[in-house]
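# Structural description and commentary
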Amino acid sequence: EAEVAQSPRYKITEKSQAVAFWCDPISGHATLYWYRQILGQGPELLVQFQDESVVDDSQLPKDRFSAERLKGVDSTLKIQPAELGDSAMYLCASSLGTAVAAFFGQGTRLTVV
Amino acid sequence: GQQLNQSPQSMFIQEGEDVSMNCTSSSIFNTWLWYKQDPGEGPVLLIALYKAGELTSNGRLTAQFGITRKDSFLNISASIPSDVGIYFCAGPYSGGGADGLTFGKGTHLIIQP
């Protein structure tokens, strides 16, 4: 069964260090999302790609976060420098298009110490 | 931005009971999605609704797209222990010209044996 792959599953980093997360969407899915989920809350959209283009990064803290999807397939989300408040679950999702069901990966649990 | 309000926030029920939860939005949605999330995992899509008034089932789960387009309901019949988890509603988020998903804060379902 096709699924969204994310790595690593868990990451512990010290504050001020750089950290990166990787996502491989379901094959053929043009739309890719990165979400952040704080414990006890629903996921919040950080950035949305359509193929290799960013179509919405209005909620991405651009002073420290960056995201890319160079070939329109897999994607990387980077944080530099990490802050204590960045501790959260980072979820990647993909869909065939916009405004339709998105499928999520297992997420990366980030702990900043 | 759009707000999604889920209720109840948590439910404590006995195994075998039926469950009902709902989600309301501050604006009209054209898509309603229901997800279930287990601890430490990504959300899993349960049901997708694309038409006002639509009633869709997935096993013991039934969801409805409200005719006002501002609400949706999820029912679970004859609950079993594996139904434990957090249930999220989600709909298209209109920001920056894109349609990511905005999520409610979730309904935490706890089943007592």
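For the structure itself, look to the data block above.
Quick caveat, the model's predicted, so the values are computed rather than measured.

So, how was this worked out
- Residues numbered from 1 in each chain as written.
- Chains lettered and ligands numbered in written order.
- Predicted model: local features only at pLDDT ≥ 70, side-chain atom pairs only at ≥ 80, totals over all residues.
- Heavy atoms only, no water.
- Disulfide = S-S within 2.5 Å.
- Helix = DSSP H or I, 4+ residues; strand = E, 2+ residues; numbered from the N terminus.
- Buried < 20%, exposed > 50% of the residue type's maximum accessible area, 1.4 Å probe, protein only.
- Lys, Arg positive; Asp, Glu negative; His and termini not counted.
- Salt bridge = Lys/Arg side-chain N within 4 Å of Asp/Glu carboxyl O.
- Polar contact = N/O pair within 3.5 Å; in protein donor to acceptor, adjacent residues only side chain to side chain.
- Pairing = 2+ DSSP bridges.
- Axes fitted to C-alpha atoms, helices over the stretch in contact; angles between N-to-C directions.
- Contact = heavy atoms within 4.5 Å.
- Core = buried A, V, L, I, M, F, W, Y, C linked by side-chain atoms within 4.5 Å.

The final tally for this structure, using the stated rule, is two disulfides over all chains. Residue Cys23 of chain A pairs covalently with Cys92 of chain A via a disulfide, S to S 1.9 Å. Of note, the bridge from Cys23 of chain A to Cys92 of chain A carries an S-S torsion of about -70 degrees and is left-handed in sense. Placement of Cys23 of chain A in strand S3 (residues 19–24) and of Cys92 of chain A in strand S9 (residues 88–95) is noted, with a sequence separation of 69 residues between them. For Cys92 of chain A, a relative accessible area of 0% translates into the label buried. Between the sulfur of Cys23 of chain B and that of Cys89 of chain B lies a disulfide, 1.9 Å long from S to S. Handedness of the Cys23 of chain B-Cys89 of chain B disulfide follows from its S-S torsion of about 50 degrees: it is right-handed. Residue Cys23 of chain B is located in strand S3 (residues 19–25), and its partner Cys89 of chain B is located in strand S9 (residues 85–95); the two are separated by 66 residues in the primary sequence.

Time to look at the side chain of Asp56 of chain A. Residues and elements named next belong to chain A. Mapping Asp56 onto the fold places it in strand S6 (residues 53–56). We note that Asp56 is buried and unpaired, the nearest opposite charge coming from Lys62 at a distance of 7.2 Å. Polar side-chain contacts of Asp56 include one of 2.7 Å to the side chain of Ser58.

Okay, the sheet that holds strand S8 (residues 71–76) of chain B next. Residues and elements named next belong to chain B. Pairing is antiparallel across the open sheet formed by five strands, whose spatial order is S1-S3-S8-S7-S6. The sheet is open, and its two edges are formed by strand S1 (4–7) and strand S6 (55–58), each paired on a single side. Here the average twist between neighbouring strands, direction ignored, is 15 degrees. When S6 meets strand S7 (residues 61–65), the two strands line up antiparallel, connected through four bridges. Residue pairing across strands places Asn58 opposite Leu61, the latter belonging to S7.

With that settled, the discussion passes to the environment of Tyr35 of chain A. Looking at the element boundaries, Tyr35 of chain A is found in strand S4 (residues 31–37). Expressed as a C-alpha distance, the spacing of Tyr35 of chain A and Gly97 of chain A, which sit 62 residues apart in the sequence, is 17 Å. Excluding residues that lie within four positions of it along the chain, Tyr35 of chain A makes contacts with Pro43, Glu44, Leu45, Leu46, Met89, Tyr90, Leu91 and Phe104 of chain A together with Gly100, Leu101 and Phe103 of chain B. Within polar-contact distance, the side chain of Tyr35 of chain A engages the backbone nitrogen of Leu101 of chain B at 2.9 Å.

This part covers the pairing of strand S8 (residues 75–79) of chain A. When a strand is regular, its side chains alternate between the sheet's two faces. Residues and elements named next belong to chain A. Of the two faces of S8, the one lined by Ser75, Leu77 and Ile79 is fully buried and the one lined by Thr76 and Lys78 carries no buried residue. Relative to S8, S3 runs antiparallel, the two being bridged by five bridges. Residue pairing across strands places Val19 opposite Ile79, the latter belonging to S8. Counting the residues between successive antiparallel strands, the hairpin from strand S7 (residues 65–68) to S8 contains six residues, one of them, Gly72, with a positive phi of roughly 75 degrees.

In this section: the nonpolar core. Core analysis: the biggest nonpolar cluster contains 21 residues, and Trp32, Trp34, Leu74 and Leu109 of chain B have the highest contact counts within it. Mapped by element, the contributors of at least two residues to this core are strand S2 (10–14), S3, strand S4 (32–37), strand S5 (44–49), S7, S8, S9 and strand S11 (107–112) of chain B. Leu46, Phe65, Ala82 and Leu110 of chain A belong to the second largest nonpolar core, which has 20 residues in total.

What follows covers the environment of Tyr90 of chain A. Residues and elements named next belong to chain A. Its location among the elements puts Tyr90 in strand S9. Looking at Tyr90, the relative accessible area reads 0%, which means it is buried. In sequence terms Tyr90 and Val113 are 23 residues apart; their C-alpha atoms lie 17 Å from each other. Once you skip the residues sitting within four places of it in the chain, Tyr90 turns out to touch Gln6, Phe21, Tyr35, Arg36, Leu46, Phe65, Leu77, Ile79, Gly107, Thr108 and Leu110.

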